[in-house]
Amino acid sequence: MLFFQVFPPVNFTLTVSALAQVLLHWKPNPNQEQKNYTIRYDVKILSPVPEEYDTKKTHSIRTVALHNGFSAHIRTLLLHNDLLMRSDWVKEKIPPPPGAPETSVTNLSCVTRITISSTVSLHCTWLPGQGAPEDTKYFLFYRYETYTEECQDYIKDKWNRNTECRFSVTQIDPEEVDNLVVIHINGSSKYAAIKPFQQLFNQNAIAKVNVPRNVTVFLEQNDLLATWEKPISPFPKECFEYEFYFFNLKSGNKQILKISSNDFRLRIDVTSRYSIQIRANHHICCMRGFWSDWSEVIYVGQNKLENPVAWILTVLCVFTCCTFLLVAIICKITEK
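Residues numbered from 1 in each chain as written. Predicted model: local features only at pLDDT ≥ 70, side-chain atom pairs only at ≥ 80, totals over all residues. Heavy atoms only, no water.

Quick look at the environment of Lys 44
With respect to the helices and strands, the residue Lys 44 is situated in strand β3 (residues 38–47). Along the backbone, Lys 44 and Ile 74 are 30 residues apart, and their C-alpha atoms lie at a distance of 6.2 Å. The residues touching Lys 44, leaving out its near neighbours within four places in the chain, are Glu 51, Glu 52, Ser 71, Ala 72, His 73 and Trp 89. (Helix = DSSP H or I, 4+ residues; strand = E, 2+ residues; numbered from the N terminus. Contact = heavy atoms within 4.5 Å.)

Pasting the structure below:
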């Protein structure tokens, strides 16, 4: 039986190449004999997110939040016929960035919107860390693919700390599906080192879908018919689903119906009046985002008493009461 000595890779390095991005690089061991076998590399990410994969390349790029550091192992895999042999692991790590405990931001939340001009806006909010001094100033950066930008438009809390950021225009591509948006927030204070924080968002998961357009509702005999156009978006109409809010003003009954097309027909009570609203979300083509706002309320139909006799009796009753009241007043005045 043939035996090959398997040597671990050499010059294994970890380099922060961009916000929340690590370049893993290594070289084949020069002592490894070049014979008729296949060499691959087993990469194991230990933190922040455990992951294991193999590759024939001598480099790899991972996009992960780095505020808690990064740790990885790598070893050589040697395959000859049906025999797989492994070297020892080589280990490397990036330590967490410095900063006092509980000074980094919390509750980070971001939302994007597609504008009429087909650009993408970005709005992020957060809470200051519980251990952050009152003079703390936070600064937000976003990265999309190779582009990085610092926020210039902040909203402050009562201690004058930045707690919101708005980008009216970004480099986020509205036609892409499931790309990552990296958010990085660091800070400064005279009294403490502020620990940075990073979070990764799927661009479609944080998209606030626009409201459906040109909503039209009308009655056709005993049926209610509704049509609308898809929201402003580069995605085709098949990529959306809708919720149809239907409120009977006469009975007080409410319904929310899920619809996957751009039109709708429903049998209704024609003696009632209804209020109607529609909202949209992504469906099928990409990850679901935030539901759009509801469309403006549309009213259709009119309340009618189902029994006209009851209506006549009501009017007669009111008229009779008013007549008796008037007669009583006249009689009282006459007595004086």
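Right, picking up where we left off after that structure.
Structural notes on the sheet that holds strand β18 (residues 223–229)
Across the sheet, which stays open at both edges, the 3 strands sit in the order β17-β18-β21 with antiparallel pairing between neighbours. The sheet terminates laterally at β17 (213–220) and β21 (263–267), the two strands that pair on one side only. Averaged over all pairs of adjacent strands, the angle between their axes in this sheet comes to 15°, without regard to strand direction. Here 6 bridges tie β17 to β18, and the two strands are oriented antiparallel to one another. Looking across to β18, one finds that Leu 219 is bridged to Leu 224. (Pairing = 2+ DSSP bridges. Axes fitted to C-alpha atoms, helices over the stretch in contact; angles between N-to-C directions.)

A short note on the state of the cysteines
Evaluated as defined, the whole model comprises 3 disulfides. Two residues, Cys 151 and Cys 165, share a disulfide whose sulfurs are 2.2 Å apart. The sign of the 115° torsion about the S-S bond sets the Cys 151-Cys 165 disulfide as right-handed. In this pair, Cys 151 is assigned in the loop between β12 (147–150) and β13 (154–156) and Cys 165 in strand β14 (residues 162–167), connecting sequence segments 14 residues apart. The pair Cys 151 / Cys 165 is uniform in exposure class, with both members buried. With its bonded cysteines labelled in order along the sequence, the protein shows the pairing 1-2, 3-4, 5-6. (Disulfide = S-S within 2.5 Å. Buried < 20%, exposed > 50% of the residue type's maximum accessible area, 1.4 Å probe, protein only.)

Some details on empty space enclosed by the protein
All chains considered together, the criterion is met by 3 cavities of 30 Å³ or more. Estimates place the volume of the largest cavity at around 100 Å³. Among the elements that take part in the lining of the largest cavity, strand β9 (residues 106–114) stands out by supplying 3 residues, more than any other. Its volume calculated, the second largest cavity comes out at about 70 Å³. Per-element accounting of the lining of the second largest cavity gives the leading share, 3 residues, to β9. Along the lines of polarity and charge, the residues of the lining of the second largest cavity split into 5 nonpolar, 4 polar and 2 charged. Per-domain counts for the lining of the second largest cavity show at least three residues from each of domain 2 (101–206) and domain 3 (216–300). (1 Å grid on protein atoms, 1.4 Å probe; cavity = no way out; pocket = protein on both sides within 12 Å on 5 of 7 lines; lining within 4 Å. Points joined across faces, edges and corners; volume = space filled by probe spheres on them. Nonpolar A, V, L, I, M, F, W, Y, C, P; charged D, E, K, R; others polar. Domains from an automatic or database assignment.)

Focus: the sheet that holds strand β15 (residues 180–188)
Pairing within the open sheet is antiparallel, and its 4 strands lie in the order β12-β11-β15-β16. Each edge of the open sheet carries a strand with a single partner, namely β12 and β16 (197–202). When the angles between neighbouring strand axes are averaged without regard to direction, this sheet yields 20°. As defined by bridge partners, strand β11 (residues 137–144) adjoins β15 across 8 bridges and the pair is classed as antiparallel. When the bridges of β15 are listed, Tyr 142 appears paired with Ile 183.

Overview of unusual backbone geometry
Of note, the bond from Ser 47 into Pro 48 is cis; its omega dihedral lies within 30 degrees of zero at 10°. You can see Pro 48 is positioned in the loop between β3 and β4 (51–55). Despite not being glycine, Asn 160 has its phi angle at roughly 70°, a positive value. As for its position among the elements, Asn 160 is in the loop between β13 and β14.

Some words on the pairing of β4
Relative to β4, β3 runs antiparallel, the two sharing 5 bridges. Paired with Tyr 41 across the strands is Thr 55, a residue of β4. Remark: 3 residues form the turn of the hairpin made by β3 and β4, two consecutive strands paired antiparallel.

Re the side chain of Thr 112
Locating Thr 112 in the fold gives a position in strand β9. Sequence-distant contacts of Thr 112, defined by excluding residues within four places in its chain, comprise Val 120, Ser 121, Leu 122, Ile 172, Gln 203, Ile 206, Ala 207 and Lys 208.

Topic: the confidence of the model for the protein
Across the protein, the average pLDDT comes to 89, with 89% of residues at or above 70. Confidence drops under a pLDDT of 50 for residues 304–311, and excluding neighbours within four residues, the segment shows 6 contacts in the predicted structure. (pLDDT = per-residue confidence, 0-100.)

Some thoughts on the pattern of salt bridges
For the structure shown, the criterion picks out 14 salt bridges. Across the pair Asp 157 and Arg 161 runs a salt bridge, and its minimum N-O distance is 3.1 Å. A residue is classified by how much of its surface remains accessible, and Arg 161, at 8% relative accessible area, is buried. In this structure, Arg 265 engages Glu 220 in a salt bridge whose closest nitrogen and oxygen atoms are separated by 3.3 Å. (Salt bridge = Lys/Arg side-chain N within 4 Å of Asp/Glu carboxyl O.)

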